[in-house]
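Inside the fold
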Amino acid sequence: MTVESTAARKPRRSAGGKAGATGTETAAEATGTATKATGARRTTRTPRAAVRKGTAEPQLVQLLTPEGDRVANPEYDPYVADVTPEELRGLYRDMVLTRRFDAEATSLQRQGELGLWASLLGQEAAQIGSGRALRDDDYVFPTYREHGVAWCRGVDPANLLGMFRGVNNGGWDPNGNNFHLYTIVIGSQTLHATGYAMGVAKDGADSAVIAYFGDGASSQGDVAESFTFSAVYNAPVVFFCQNNQWAISEPTEKQTRVPLYQRAQGYGFPGVRVDGNDVLGCLAVTKWALERARNGEGPTLVEAYTYRMGAHTTSDDPTRYRHDDERAAWEAKDPILRLRRHLEAANHTDEGFFAELEAESEALGRRVREAVRSMPDPDHFAIFENVYADGHALVDEERAQFAAYQASFTDAPEGGN
């Protein structure tokens, strides 16, 4: 199984041309051409791209173009200046294995092994870049699509599938990895993250909190409330919005009249838009935002401008509301392919590395497949446990009714009708 986009590789461009001079481009230029150098100096805490107002075209932080060219950005380069070739290969490995696991989970759902699956295809850079920016003592509040972040936090991929198979309510101990259970209710995790971050601040801990959500969730009242509380109480939280362009079947332009990152201005904290298909850019911007949080400078909104290559979930049919040419345009900006191009151009790897990784990804797929198919069925009566701390007469009655219903499927005695 291939681990890259099916889009054909394009010839590389020189980073010295008009493309990528500053590492900050407009959203309209997200295919790889960047704006002219502005000569802006890096500020101590709040880069200009994070607070720019009233621009016709939103500014987009980009350190790696789709062709794999490394572009300079004086504001964010310091946050990735110490990234070694080995660590770049590690980021590539993370994205490849995450995509392979995601593909396996999608196949398992199609085979009837899972009830549902929310694919992250196309969003690997946003998740791996931000996930690798975290420290062990930071705390993560995900939605239900952050499989790449879970990988970075050390959660076994097989444990992510128990809930989607219906055998448990999560599958891992949130305190073991500082990675909360998946949240299905849209946007509510931002409130949880804000409250947790307020507690971190009161404890005086040197850690930060990050909350993941999508462009669709940004329209939820819970998100607005979390923005208000986090700003007023200066909570050490990063709001990481993966703008994958579609809230199920609704495009982003039907949810907002301004770029999502600019919403932060109304709450009194900075927002920044980063190329969500650029793993190095996501790493740098998230490190900056986490540093602000740890330094007591309050919340930040990061909008990772990316694209959902697959369906919203396996119950969705994206061909009903978007065109193939749109997906093809984003395939040319594939996050895995662009980092491979960069690694090859910089002679940071060889074909042996890619071959070994391909074998490792296939082994991961087999392990996940076997783990899912061997998961034991849950106790049928477990659904009645932990509803009330001290029990409840109505729950007891429902348990008895369910027991009678289950008993009705017992085979009739031999010789009976």
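Throughout what follows, the structure given in this document is the object of discussion.

Conventions we followed
Residues numbered from 1 in each chain as written. Predicted model: local features only at pLDDT ≥ 70, side-chain atom pairs only at ≥ 80, totals over all residues. Heavy atoms only, no water. Helix = DSSP H or I, 4+ residues; strand = E, 2+ residues; numbered from the N terminus. Buried < 20%, exposed > 50% of the residue type's maximum accessible area, 1.4 Å probe, protein only. Contact = heavy atoms within 4.5 Å. Axes fitted to C-alpha atoms, helices over the stretch in contact; angles between N-to-C directions. Parallel < 35°, antiparallel > 145°, perpendicular 65-115°, else oblique. Left-handed = near helix turned anticlockwise from the far one by under 90°. Nonpolar A, V, L, I, M, F, W, Y, C, P; charged D, E, K, R; others polar. Core = buried A, V, L, I, M, F, W, Y, C linked by side-chain atoms within 4.5 Å. Phe/Tyr/Trp six-rings, centres within 6.5 Å; stacked < 30°, edge-to-face > 60°. Lys NZ or Arg CZ within 6 Å of the ring centre and 35° of its normal. Right-handed = clockwise from strand over helix to strand, strands pointing away. Salt bridge = Lys/Arg side-chain N within 4 Å of Asp/Glu carboxyl O. Expected span 1.5 Å × (residues − 1). Polar contact = N/O pair within 3.5 Å; in protein donor to acceptor, adjacent residues only side chain to side chain.

1. Re the overall build of the protein chain
The helix and strand inventory of the protein chain stands at 13 helices and nine strands. Buried residues in the protein chain amount to 52% of all 417 residues. Expressed as a percentage of contacts within the protein chain between residues at least 6 apart in sequence, the contacts between residues at least 24 apart total 75%.

2. So, the packing of helix α7 (residues 188-203) against helix α8 (residues 221-232)
As a packed pair, α7 and α8 sit with axes 7 Å apart at the nearest point and diverge in direction by 15°. One way to sum up the angle between α7 and α8 is to call them roughly parallel. Note on packing geometry: the crossing formed by α7 with α8 is left-handed. Together, S188, T190, L191, T194 and M198 of α7 and D222, V223, E225, S226, F229 and S230 of α8 make up the contact between the two elements. Of the residues contributing to the contact of α7 with α8, the split by class is four nonpolar, five polar and two charged.

3. Focus: the nonpolar core
Residues Y92, L161 and L339 are the most contacted members of the largest nonpolar core, which totals 67 residues. If one sorts the elements of this core by residue count, helix α9 (residues 279-294) sits on top with ten residues. Apart from the residues within four sequence positions on either side, L339 is in contact with L64, L88, L91, Y92, M95 and V279. One finds A217, C241, F269 and L301 within the second-largest nonpolar core, a separate group that totals 20 residues.

4. Focus: the packing of aromatic side chains
Given two aromatic rings, their pairing is described by the distance between the two centres and the angle made by the two planes. As enumerated under the stated definition, the model contains 28 aromatic pairs in all. The interplanar angle of 55° and the centroid separation of 5.2 Å between the aromatic rings of Y212 and F240 together place this pair among those described as tilted. Residue Y212 is located in strand β4 (residues 209-214), and its partner F240 is located in strand β5 (residues 237-243); the two are separated by 28 residues in the primary sequence. Neither residue differs from the other here; Y212 and F240 are each classed as buried. An angle of 90° between the planes, with centres 5.5 Å apart, marks the rings of F227 and F269 as edge-to-face. In this pair, F227 sits in helix α8 while F269 sits in the loop between β7 (250-251) and β8 (271-275), placing the two residues 42 residues apart along the sequence. Since its relative accessible area comes to 5%, F227 is described here as buried. Put simply, the rings of F101, W117, F164, W172, F179 and Y182 pair up and form one aromatic cluster. Taking the ring centre of W330 as reference, the NZ or CZ of K333 above it sits at 3.6 Å.

5. What to know about the pairing of β8
The element β8 is largely enclosed, with a buried count of five among its five residues. Taken together, β8, α9 and strand β9 (residues 300-305) constitute a β-α-β crossover, and its handedness is right-handed.

6. Overview of the pattern of salt bridges
Counting across every chain of the model gives 22 salt bridges. Across the pair R338 and D275 runs a salt bridge, and its minimum N-O distance is 3.0 Å. Linking R338 in helix α11 (residues 335-345) with D275 in strand β8, this pair joins segments that are 63 residues apart in sequence. In this pair, the class of R338 matches that of D275, namely buried.

7. Focus: the packing of helix α1 (residues 85-110) against helix α12 (residues 351-373)
Helix-helix packing is characterised by the crossing angle of the two axes and by the distance between the axes. At a closest axis distance of 9 Å, the pairing of α1 and α12 adopts a crossing angle of 35°. Our pair here, α1 against α12, has a crossing hand that is right-handed. Within the contact between the two elements, α1 uses R89, Y92, R93, V96, L97, R100, F101, E104 and L108 and α12 uses F353, F354, L357, E360, S361, E362, L364, G365, V368, R369, V372 and R373.

8. Side note on α7
In this model α7 runs 23 Å from its N-terminal to its C-terminal C-alpha over 16 residues, within 8% of the 22 Å that 1.5 Å per residue would give. Of the surrounding elements, those touching the buried residues of α7 are β3 (139-141), β4, α8 and β5.

9. So, α12
Its 23 residues place the ends of α12 34 Å apart at the C-alpha level, agreeing with the 33 Å of an ideal helix rising 1.5 Å per residue. The complete set of buried residues in α12 reads F353, F354, L357, S361, L364, G365, V368 and V372. N-capping of α12 is provided by D350, with a side-chain oxygen placed 3.1 Å from the backbone N of G352.

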